[in-house]
Every structure is written in structure tokens, then in C-alpha cells.
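# Fold and geometry: a report
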Amino acid sequence: MTLTVAFQMDHIRSIKIAGDTGFALLLEAQRRGHRVLHYTPDRLSLRDGAVIAMAEPIEVRDQEGDHFTLGTPERVDLSGVDAVLMRQDPPFDLAYITATHFLERVHPKTLVVNDPTHVRNAPEKIFVTHFPHLMPPTLISRDKQEIEEFRREHGDVVMKPLYGHGGASVFKVGREDPNFGSLYDLFANLFREPWVIQRFLPKITEGDKRIILIDGEAAGAINRVPAANDIRSNMVRGGAAKPTDLTPREREICETIGPDLKRMGLVLVGIDVIDGNLTEINVTAPTGIRAIKRLGGPDLAVTVWDVIESKVGR
């Protein structure tokens, strides 16, 4: 089966291929002989009801510094391609939301991965709160009195922006932390939306496990261990990826949320688990596939494309 597939992504020249899941998916699509197109979100338009992208044919190579060749741009009606992979990184802002509105015009005739309606309706730090029994105690608020009451109850907490990504602006705040007032003022000036406050999990020093679910099934994982003197395990913030297996508790988490992910058309999802606590469900552009393969795990790009092909072929 030869497909025409379009990747909506940050420009190919800007990505770091060693850890980029989208690049792994590009490589596998090319290996299978699919016709692959590349465009950035700013080249997406809605014209008289048609969703149009100015896209370039692309060839990719797993060679840092010489990893792509783009062809001549062409105007593509996305209702005429087989699949669109929405792979641009957050922030999850109005531009991101607008792109989901555009792409839902062509889905499911054109398969969009992940389903744009449910990407829009599942902000990663809010969607996870549908499963409070799997999470650490969590508050989403910008009300100072509510936050202070939460701190009195739970002691040390982690405070982070609701629509943040990549570990940016994540702070540990102690029960009697004299910096809390200044940090509250800083967040109030920077962010209009509420913030996430979670009970601090001391075992973060042992790692934050990224588990990849494909079509609702746990498919592979890595353990991301924070650098010294940092609570952030994100690899872009210095976290080190280690091979790992799933614990019974982690399998329970995956089996609990998996049916909902499958029902919602969230084909490729990355969840974060610390000490048996689910902290995030990442549905926009989850990473981890290349690290899992590099550390001896399965090539999950193969599994993703098997699922895409099966859905397109129905």
C-alpha cells in the first residue's frame, strides 16, 4: 500500500534528529515507499471550505547536518491525501487550536494523527485530571488562597504553567518557602491561565518514566533521570534516558487509560509516570520513540505506521 502522507511540523531544518519522534516517523514512511510531504503550520490555509497547505516533497536521511532534501513547493488540498501527521511542538496556544479546527474539516476522510478534535479537547495537564485516582494530589488554580491551602495540606509542591512544555518554568516550592510570594507574582504576570500545583514526589530523583501508547496499547518506555540539582527530567533539560520495564502499577495505568485513548483517535500518546503516579498525558507531539530504540527497545515507528496503514485501509 503506497500512501500520500503530509507532515505538519516545525521546519525540518530546526529539529534535532537524534531525539525527534517526527523524524523517526518520516524515516519509516519513506522506507515503506510512501509519498511524503512537509509543511509548517503557517503554510496551512482554509479557503472556501477547503484545507490547503503549501507543501514540499521531502527526502530524509539519518545523518545529522544533512538530514533532508526538499522539493518544489506545491499547493495541496489535504482532503486529497491519505494521512496528515500533526507533529508541530507546543505551545498549545490559539495558533495550535486554530490548526486543529482546520484539520478536523478533512478528518476522518483524511486520517489525521492524532484526531484534531480530541487533541484540542485534551490539553495535556487537564486531560490527565480525568483519572484522579492515578495521579498525585493536584490543584489547577491561580487563586492564591487556594494554592496556600493546598501547600499547607501537602507540604512541598511542584508549580508549573498549565500550557507549558519541555520542562520550562517548573519549580519546586517548599512548605515554608520564602520565595513563594515572589514566584506567585511572577506567574501572575506571565500567565493569564491557571497553573498546575502538584504534591512533590521525592522519587523524581529515580526517574520520570515516559511510556508510549500506540492506539491505546503500551508499546515501550524509557526512564528519564534528572540531572544533579534539577527536578526536571526532560531530555531537553539535561535528563538522561535509561532503559526500563513497566511495573504492575504502570501497566494498570496504561490499561485504565488505553481504551479512552483509542476511542478518541489518539494514536500516538506519551504519558509521564513518577513513582507510580500519572502526571501528564501528552497528545500533541509526544517524544521518546528514538530513545527507546537507541536503548535496545522496539522500533515504535514501525508500529505507528502499521496502525496508520490499517486505519487508512479500512
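Before reading on, note that the structure itself is shown above.
So, here's what we can say about the structure. Everything quoted here is computed from the prediction, not taken from an experiment. (Residues numbered from 1 in each chain as written. Predicted model: local features only at pLDDT ≥ 70, side-chain atom pairs only at ≥ 80, totals over all residues. Heavy atoms only, no water.)

### Some points on the sheet that holds strand 15 (residues 240–243)
The sheet built from five strands is open, its strands ordered 15-14-13-16-17 with antiparallel pairing. Looking along the sheet, the strands with just one partner apiece sit at the ends: strand 15 and strand 17 (277–282). Direction aside, the axes of adjacent strands within the sheet are offset by 30° on average. Inspection of the sheet shows strand 14 (residues 217–225) paired to strand 15 by four bridges, in the antiparallel sense. By the bridge assignment, Val225 is partnered in strand 15 with Ala240. Helix 7 (residues 248–263) rests against strand 13 (208–214), strand 14, strand 16 (268–274) and strand 17 of the sheet, and its axis sits at about 40° to strand 13. With respect to the sheet, helix 9 (residues 300–312) is in contact with strand 13, strand 14 and strand 16, its orientation differing from that of strand 13 by roughly 30°. (Pairing = 2+ DSSP bridges. Helix = DSSP H or I, 4+ residues; strand = E, 2+ residues; numbered from the N terminus. Axes fitted to C-alpha atoms, helices over the stretch in contact; angles between N-to-C directions. Contact = heavy atoms within 4.5 Å.)

### A few points about the pattern of salt bridges
For the coordinates displayed, the defined rule picks out 21 salt bridges. A salt bridge links Glu28 to Arg31, with the nearest nitrogen and oxygen atoms 2.6 Å apart. A residue pair is termed a helical-turn pair when its members lie 3 or 4 positions apart in one helix, as Glu28 and Arg31 do in helix 1 (residues 21–31) at three residues. On the accessibility criterion, Arg31 (59% relative accessible area) is exposed. The salt bridge partner of Asp66 is Arg61, with a shortest N-O separation of 3.1 Å. For Asp66, a relative accessible area of 36% corresponds to the partly exposed category. By relative accessible area, Arg61 is classed as partly exposed at 24%. (Salt bridge = Lys/Arg side-chain N within 4 Å of Asp/Glu carboxyl O. Buried < 20%, exposed > 50% of the residue type's maximum accessible area, 1.4 Å probe, protein only.)

### A word on the sheet that holds strand 11 (residues 171–173)
On the basis of which strands lie adjacent, the open sheet formed by four strands has the order 9-12-10-11 and antiparallel pairing. Edge positions in the sheet fall to strand 9 (138–141) and strand 11, since each of these pairs with one other strand and no more. Sheet twist, expressed as the mean angle between neighbouring strand axes with direction ignored, is 25°. Along the sheet face, helix 6 (residues 180–190) touches strand 10 (157–161), strand 11 and strand 12 (195–199) and points at about 20° away from the line of strand 10.

### Notes on empty space enclosed by the protein
Per the stated rule, a full pass over the model turns up two cavities of 30 Å³ or more. What the largest cavity holds in volume is close to 90 Å³. Together, 13 residues line the largest cavity, and Phe92, Glu124, Leu162, Tyr163 and Gly164 are the ones closest to its centre. By residue class, the composition of the lining of the largest cavity is eight nonpolar, three polar and two charged. Of the volumes computed, that of the second largest cavity is approximately 60 Å³. What lines the second largest cavity is Leu25, Leu85, Met86, Arg87, Val113, Asn114, Leu268, Val283, Thr284, Pro286 and Val304. For the lining of the second largest cavity, the class distribution of residues is eight nonpolar, two polar and one charged. (1 Å grid on protein atoms, 1.4 Å probe; cavity = no way out; pocket = protein on both sides within 12 Å on 5 of 7 lines; lining within 4 Å. Points joined across faces, edges and corners; volume = space filled by probe spheres on them. Nonpolar A, V, L, I, M, F, W, Y, C, P; charged D, E, K, R; others polar.)

### Here we look at the pairing of strand 17
Strand 17 sits mainly inside the fold: six of its six residues count as buried. Across five bridges, the pairing between strand 16 and strand 17 is antiparallel. Residue pairing in the sheet places Ile274 in a bridge with Asn277 of strand 17. The hairpin turn running from strand 16 into strand 17, its antiparallel successor, is two residues long, and Asp275 in that turn takes a positive phi close to 50°.

Geometric values such as these leave the question of function open.
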